[in-house]
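Summary of structural features
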Amino acid sequence: MESKIVNMANTENRLKIIRYFSLKDDEKKKYICFINYSGKNLDLSTINVGMVSLIGEKTIIFKIDNEFIFNKIKEILERLFTNGTTDEIITYDVDNIERLDVVAYQTLDKTIHHFSTFFNVKSIEEQKAEEITLNLDLSILKVKKKKEKPQPTTNNNVSEKPKKKKKGNGLIILLILVLVVVLIAAGVYFFRDSIFKDNKNDDIDKVIKNNENELVCAMIYNDTEANALMDDEITFVFTDNKEQISKIKSKSHIKYYTEEEYNENKGKIDFNINRFEYMGIIVTADNDDAKMTLTYNVTIDENSNNVDELGYNLDASYESINNSYLNIGYTCNDKTKELEENTGINEKTEISQPILVLSNGWRILVEPMGISETNKEFNFIFNVRHLNDSNRDLNGTITIYDSFNEPLKTFDISNKDIKGNSLSIIEVSVNNLKENKTSFDLGLIGYYDINLNNE
């Protein structure tokens, strides 16, 4: 079954899954396209899409955080709705899905009425024609109506249009933003290198004796996507031998630059907290209307439900976490890491090791994530600090080499309009594509380097 009407978790609303699919060139990541079917305060005409995360029996919908991928999916879906079919996606059955946990999603520019044949609804032109006819009929009735004694009436000669609901996530959902900063930047987010051990030591003494086992990292920065000033303080509590995390506590103070964005995110506080309760993640929040600020407190510990399923690996040492945060630019236990200008530029590095770059106002930690499970791409995570005051674009190149230092491929890095004094996270994928009629095996990659184009 390709489509199905399901419940929206924790509400009385119902959604209709249109397609559960993956892109043919990346079968690992799956997505769901859905429309609102019935319930309170829903716009039934919008077409929505989000990325799927499976946690136990739960099917959770998150925002597609890569704008390029979202635009690509949007174009494919519009071709599907126009032509009735497409060979650009792989479609999966939805028989076993009974409900969707919707955390965040994106909305297509066009509605179901633009694709009236596919969705079996009246087109925009038909709707307008009916509206004109209805208004004309009501006007004629109004003229011919005899004078009577005044009676209470209802106004029937206005064809009311449903209010357009704002897109589900013009911004990153706040909690996801907090967790990304806490977990991805530190390397706690399913990082596949030697930072993490494969097996837990069940004999570790997990009694925390003193504050020497705590690492407190803090930074104030702009968030480009959220259009807000972030004040983060993150505390890692380690076991007695400092080889494993027992607890992560973060406090994020978020000041929005516009009243519209503040009000939109303030309205999501209860929604976000409820979404993360079942994960065993403790979240509290507060807001200040006068200052347009939200404050989130997040606690994750080794006993949190579904930690492993969520991809959070707590087997990280004090030293590795401290190094990761200092490299990004945090102050940890009152210490900072200073770098010399032009650090890391064109420094050929083993593919298993990160590169730390400081050049022309950019401070970037590049972390190789290894070959994907489908063996079709090699991923890098860029933790990007823009240290200047004004917005600007990030442009550069990565070159990958084989184990004999022979170049395999050079590809561009580009991210537009990054806010000044900011931290952002970018994922870059190297695909094993044929170039000049010659393909290469991703497993041959031995080294890489990075170069940034000066503005």
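As the structure is a computational prediction, the values presented were derived from the model and not from experiment.

In total, this model carries one disulfide according to the counting rule given. The residue that forms a disulfide with Cys 217 is Cys 332, at a sulfur-sulfur distance of 2.1 Å. Here the S-S torsion is close to 115°, and the disulfide linking Cys 217 with Cys 332 is therefore right-handed. One end of the pair, Cys 217, is in strand β9 (residues 214-223); the other, Cys 332, is in strand β14 (residues 331-332), and 115 residues separate them in sequence. A relative accessible area of 0% places Cys 217 in the buried class.

Turning our eyes to something else, we now look at the pairing of strand β12 (residues 282-288). As paired elements, β12 and strand β13 (residues 293-301) share seven bridges and run antiparallel to each other. For Ala 285, the partnering residue across the bridge sits in β13 and is Tyr 296. Hairpin connection of β12 to β13: four residues between the antiparallel strands, including Met 292 at a positive phi of 55°.

This paragraph deals with the nonpolar core. The biggest cluster of nonpolar side chains holds 37 residues, and the ones touching the most others in it are Leu 215, Phe 236, Ile 245, Ile 321, Tyr 325 and Tyr 330. Counting only elements with at least two residues in this core, the list comes to β9, β10 (228-238), β11 (245-256), α6 (269-277), β13 and α8 (318-328). If you look at the next biggest cluster of nonpolar residues, it comprises 26 residues, including Ile 345, Val 357, Val 430 and Ile 445.

Reading across from one edge, β15-β22-β19-β20 is the order of the four strands in this open sheet, with antiparallel pairing throughout. Only two strands of the sheet have a single partner each, and these edge strands are β15 (349-350) and β20 (407-418). The pairing of strand β19 (residues 392-402) with strand β22 (residues 445-452) spans seven bridges and is antiparallel. Residue pairing for β22: Thr 399 is matched across the bridge by Asp 449.

Quick look at the confidence of the model for the protein chain now. Of the residues in the protein chain, 74% reach a pLDDT of 70 or more, and the chain-wide mean stands at 77. Within the protein chain, strand β2 (residues 14-23) carries the highest mean pLDDT (95), whereas helix α4 (residues 174-184) carries the lowest (39). The low-confidence segment residues 130-210 (pLDDT under 50) makes 154 contacts with residues lying over four places distant or belonging to another chain.

With that settled, the discussion passes to unusual backbone geometry. Despite not being glycine, Met 292 has its phi angle at roughly 55°, a positive value. Inspection of the secondary structure puts Met 292 in the loop between β12 and β13. One non-glycine residue, Asn 360, adopts positive backbone phi at about 55°. Positionally, Asn 360 belongs in the loop between β16 (355-359) and β17 (362-371).

Below, the discussion takes up the environment of Ile 355. Secondary-structure assignment places Ile 355 in strand β16. Residues Ile 355 and Val 366, eleven residues apart in the sequence, show an inter-C-alpha distance of 5.1 Å.

Within the structure shown, the criterion is met by 13 aromatic pairs. With a centroid separation of 5.3 Å and an interplanar angle of 55°, the aromatic rings of Phe 238 and Tyr 318 are classed as tilted. With a gap of 80 residues between them, Phe 238 in strand β10 and Tyr 318 in helix α8 connect regions that are remote in the sequence. For the residue pair Phe 238 and Tyr 318, the accessibility class agrees, reading buried in each case. Seen in terms of ring centroids, Tyr 325 and Tyr 330 are 4.6 Å apart; in terms of plane orientation they differ by 65°. Their pairing is edge-to-face. Residue class for Tyr 325 comes out buried when judged on its relative accessible area of 0%. Among the aromatic residues, ring-to-ring pairing joins Phe 236, Phe 238, Tyr 318, Tyr 325 and Tyr 330 into one connected group. Across the ring face of Tyr 318, the terminal group of Lys 242 is positioned such that the distance to the ring centre comes to 4.6 Å. The ring centre of Tyr 401 lies 4.1 Å from the NZ or CZ of Lys 348, which sits over that ring.

Turning to the pattern of salt bridges, a few remarks are in order. This model, assessed by the stated rule, comprises nine salt bridges. Residue Arg 79 is joined to Glu 88 by a salt bridge in which the shortest nitrogen-to-oxygen separation is 2.8 Å. Under the relative-accessibility criterion, Arg 79 is labelled partly exposed at 35%. Taking the shortest distance from any N to any O, the salt bridge between Arg 99 and Asp 101 comes out at 3.6 Å. On the basis of relative accessible area, Arg 99 is assigned to the partly exposed category, the value being 34%.

Here Tyr 257 is to be found in the loop between β11 and α5 (259-266). For Tyr 257, a relative accessible area of 39% puts it in the partly exposed group. Distance from Tyr 257 to Ala 226, taken between C-alpha atoms, is 9.3 Å for residues 31 residues apart in sequence. Residue contacts for Tyr 257: discarding those within four places in its chain leaves Asn 222, Asn 227, Ala 228, Leu 229 and Met 292. At a separation of 2.4 Å, a polar atom in the side chain of Tyr 257 contacts the side chain of Asn 222.

Here we come to the side chain of Asp 315. You can see Asp 315 is positioned in the loop between α7 (307-310) and α8. Here Asp 315 falls in the buried class, since its relative accessible area comes to 7%. Looking at Asp 315, its side chain comes within polar contact range of the side chain of Gln 244, at 3.4 Å.

Among the ten residues in β2, eight count as buried, and that is most of the element. When strand β1 (residues 4-8) meets β2, the two strands line up antiparallel, connected through four bridges. Residue Lys 4 lies in a different strand from β2, and its bridge partner there is Ile 17. As consecutive antiparallel partners, β1 and β2 are separated by five residues, and within that stretch Asn 10 has a phi angle of approximately 65°, a positive value. Across nine bridges, β2 lies against strand β3 (residues 26-38) in antiparallel orientation. Directly across from Ser 22, in β3, lies its bridge partner Lys 30. Bridge count between β2 and strand β6 (residues 89-92): four bridges; the pairing is antiparallel. Directly across from Tyr 20, in β6, lies its bridge partner Tyr 92.

Definitions and cut-offs
Residues numbered from 1 in each chain as written. Predicted model: local features only at pLDDT ≥ 70, side-chain atom pairs only at ≥ 80, totals over all residues. Heavy atoms only, no water. Disulfide = S-S within 2.5 Å. Helix = DSSP H or I, 4+ residues; strand = E, 2+ residues; numbered from the N terminus. Buried < 20%, exposed > 50% of the residue type's maximum accessible area, 1.4 Å probe, protein only. Pairing = 2+ DSSP bridges. Core = buried A, V, L, I, M, F, W, Y, C linked by side-chain atoms within 4.5 Å. pLDDT = per-residue confidence, 0-100. Contact = heavy atoms within 4.5 Å. Phe/Tyr/Trp six-rings, centres within 6.5 Å; stacked < 30°, edge-to-face > 60°. Lys NZ or Arg CZ within 6 Å of the ring centre and 35° of its normal. Salt bridge = Lys/Arg side-chain N within 4 Å of Asp/Glu carboxyl O. Polar contact = N/O pair within 3.5 Å; in protein donor to acceptor, adjacent residues only side chain to side chain.

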